Amino acid sequence: MDFTVLIDFLPLILKGLWYTIVLLILSCIFGFILAIPIGLVQVTGPKPLAWLAGAFCTVIRGTPLLIQLYILYYGLGSLFPQIPWIRHSFMWPVLREGFFYAALAFTLSFAGYEGAVMKGAFASVPKGELEAARAFGMSPFTVLRRIWLPRAFRIVLPTLGGETILQLKATPIAALVTVVELYGAAGQIFRSTLDFFPPMLMVAVIYFALTFLITRLFNFVERQVPQR
Amino acid sequence: MGWTDLLAWNPPGWGSPIFRGVITTLQISFCAYALGLLIGLLGARGKLSGGKLTKRLLEGYTTIVRSVPELLLIVILFYTGTQGFNSLLAAFGLGPVRINGFVAAVAVLGVVQGAYSTEVLRGAIKAIPVGQIEAARAYGMSPFLMFRRITLPAMLPYAIPGLSNLWLTATKGSALISVVGYVELTKITQQAAGGTKWYFTFYTTAAVLYLVISLISLQGFGMLDRYVRRGQPKVG
């Protein structure tokens, strides 16, 4: 076990760290944006949409992320090249990369888990507040923007940190579809040095540190948001 | 070839290997879950009533396992386990053996599950009103009798939701075992999809099978939850 060899691989490790962070941030932000309508329609209806959103959450939460990623990467990935206009579109360089499929799978996964949470949050905003907002003559969209969403967000905020950490811990799966994020970088270092423990223990420590940072960050954000 | 041919029971259909994959996945998940519960029970006990050193060690175990990605843990534990076991054999002058993949998979997943179980069970035991435990002690119950008659039935209502989540994590987490090469549902699906190039069909089939496992498990835990809550006042 010689940890000094890792110094030679510093650029690779930093690149891996960058990809892990980008994957995490992209999937959490877009996943959360998707989760808002998914949660909302389950409370407001119409029925078919509510059913669809509920089914989406169940499927995402009931199947392994690894399988979801493989369906997208191998399934969609093997379908796309057969469609000429996709092959010749400007998006093709992106659609060829494992990164795109990993980001897509993680976004949908976060949307599924967070959609179920947002449903509960939207449902638990006191009815009186929404009625008051309507009595003020606010349009449905204004009610959502000014009252319903901010209140729901305040309710989910304490759980959001934990969900983000779970999402971080899911990112190494991206290495299985050729994305060189932290774990992928560790794998590359292992294959070129044939020494298992230095790279693997190092990335384990980095994940540990990232978890700690996320916890602190969300604690900080929570203190900034007024309780009432 | 349509999907009915691909999923036919007999070769060249993949029905029978996929079915065996489902069985293996269930076996791995169940054994890992049971091992996790055992570790969790001991861990929770240690965390609640152990000495200072025991508490420190258990705190380290649960914190590290819960903040490092499962995939990375599985790979590290698998490698450490197989290497360590063989160097132990070498120390006794024995040659290396091939580690049984099933045992390794269960051990690795079980150690990961154990950390989460420890926290779930610790929380559940702590939620039992102190008076009930004191009353049991006052009756002169032995620790084992007290566990069987009081602690276990009293903590289950608090523990079941967490344990239900853990079981779902175990079944879904077992898919990661495919990475270290053990043939369960995900690995056999990879082989089928790679061999036939029918990726969509096979991965979707696997997803449906995992979903069925999850949905049936949820029903089961729902029934269990109602059973352990019998006699409790309804909340809400």
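Just so it is clear, the model here is predicted, and its values are computed rather than measured.

1. Things to note about the overall build of chain A
Tallying secondary structure elements over chain A gives ten helices and zero strands in all. With the C-alpha coordinates of chain A rotated into their principal frame, the extents come out at 70 × 50 × 30 Å. Looking at chain A as a whole, 48% of its 228 residues are labelled buried. Total accessible area on chain A stands at roughly 11900 Å², and carbon and sulfur atoms take up 71% of it. Treating the 17 positive side-chain charges of chain A as one cloud and the 10 negative ones as another, the clouds have centres 13 Å apart.

2. Things to note about the environment of Gly173(B)
Residue and element names in this part refer to chain B. Counting through the fold element by element, Gly173 comes out in helix 7 (residues 143–173). With 144 residues separating them in the primary sequence, Gly173 and Ser29 have C-alpha atoms 8.2 Å apart. Among all residues touching Gly173, those that are not within four sequence positions of it are Glu70, Ile74 and Leu109.

3. Looking at the packing of helix 2 (residues 15–49) of chain B against helix 5 (residues 101–126) of chain B
For any two helices packed against each other, the geometry is given by the interaxial angle and the distance between the axes. Residues and elements named next belong to chain B. Look at helix 2 against helix 5: their axes get within 5 Å of each other, and the N-to-C directions meet at 45 degrees. With respect to each other, helix 2 and helix 5 are oriented oblique. Handedness of the crossing formed by helix 2 with helix 5: right-handed. Residues that form the contact of helix 2 with helix 5 fall into these classes: 18 nonpolar, nine polar and four charged.

4. What to know about the interface of chain B and chain A
In this assembly, 31 residues from chain B lie in contact with 31 residues from chain A. Buried surface at the junction of chain B and chain A, summed over both partners, amounts to about 2700 Å²; 81% is from carbon and sulfur atoms. A per-residue breakdown of the area chain B buries against chain A is headed by Lys172(B), Phe200(B) and Tyr203(B), which together make up 20% of the total. Our enumeration of links across chain B and chain A arrives at seven residue pairs in polar contact (both at pLDDT 80 or more). When the residues that make up the side of chain B that touches chain A are grouped by side-chain class, the tally is 20 nonpolar, eight polar and three charged.

5. Structural notes on the confidence of the model for chain B
In the predicted model, chain B carries a mean pLDDT of 86, and 98% of its residues have values of at least 70. Predicted confidence in chain B is weakest over helix 1 (residues 3–6) of chain B, with a mean pLDDT of 70, and strongest over helix 9 (residues 199–228) of chain B, with 91.

6. Comments concerning a nonpolar patch on the surface
Taken together, the side chains of Ile25(A), Leu26(A), Ile29(A), Phe30(A) and Ile33(A) present a nonpolar region at the surface, about 450 Å² in accessible area. With respect to the secondary-structure elements, Leu26(A) resides in helix 1 (residues 10–44).

7. Concerning the pattern of salt bridges
Applying the stated rule across the entire model yields five salt bridges over all chains. Arg151(A) serves as the salt-bridge partner of Glu129(A), at 2.7 Å between the closest nitrogen and oxygen. Of this pair, Glu129(A) sits in helix 7 (residues 127–135) while Arg151(A) sits in helix 8 (residues 140–170); the two residues are 22 residues apart in sequence, bridging distant segments of the chain. Owing to a relative accessible area of 28%, Glu129(A) belongs among the partly exposed residues under this scheme. Each of Lys47(B), Glu59(B), Glu119(B) and Arg122(B) takes part in a single network of salt bridges with overlapping partners.

The rules behind the values
- Residues numbered from 1 in each chain as written.
- Chains lettered and ligands numbered in written order.
- Predicted model: local features only at pLDDT ≥ 70, side-chain atom pairs only at ≥ 80, totals over all residues.
- Heavy atoms only, no water.
- Helix = DSSP H or I, 4+ residues; strand = E, 2+ residues; numbered from the N terminus.
- Buried < 20%, exposed > 50% of the residue type's maximum accessible area, 1.4 Å probe, protein only.
- Areas by Shrake-Rupley, 256 points an atom, 1.4 Å probe, with all protein chains shown as cover.
- Lys, Arg positive; Asp, Glu negative; His and termini not counted.
- Charge placed at Lys NZ, Arg CZ, Asp CG, Glu CD.
- Contact = heavy atoms within 4.5 Å.
- Axes fitted to C-alpha atoms, helices over the stretch in contact; angles between N-to-C directions.
- Parallel < 35°, antiparallel > 145°, perpendicular 65-115°, else oblique.
- Left-handed = near helix turned anticlockwise from the far one by under 90°.
- Nonpolar A, V, L, I, M, F, W, Y, C, P; charged D, E, K, R; others polar.
- Buried area = accessible area lost by both parts, 1.4 Å probe.
- Polar contact = N/O pair within 3.5 Å; in protein donor to acceptor, adjacent residues only side chain to side chain.
- pLDDT = per-residue confidence, 0-100.
- Patch = residues over 30% accessible without salt bridge, like charges linked within 9 Å, V, L, I, M, F, W, Y side chains within 5 Å.
- Salt bridge = Lys/Arg side-chain N within 4 Å of Asp/Glu carboxyl O.

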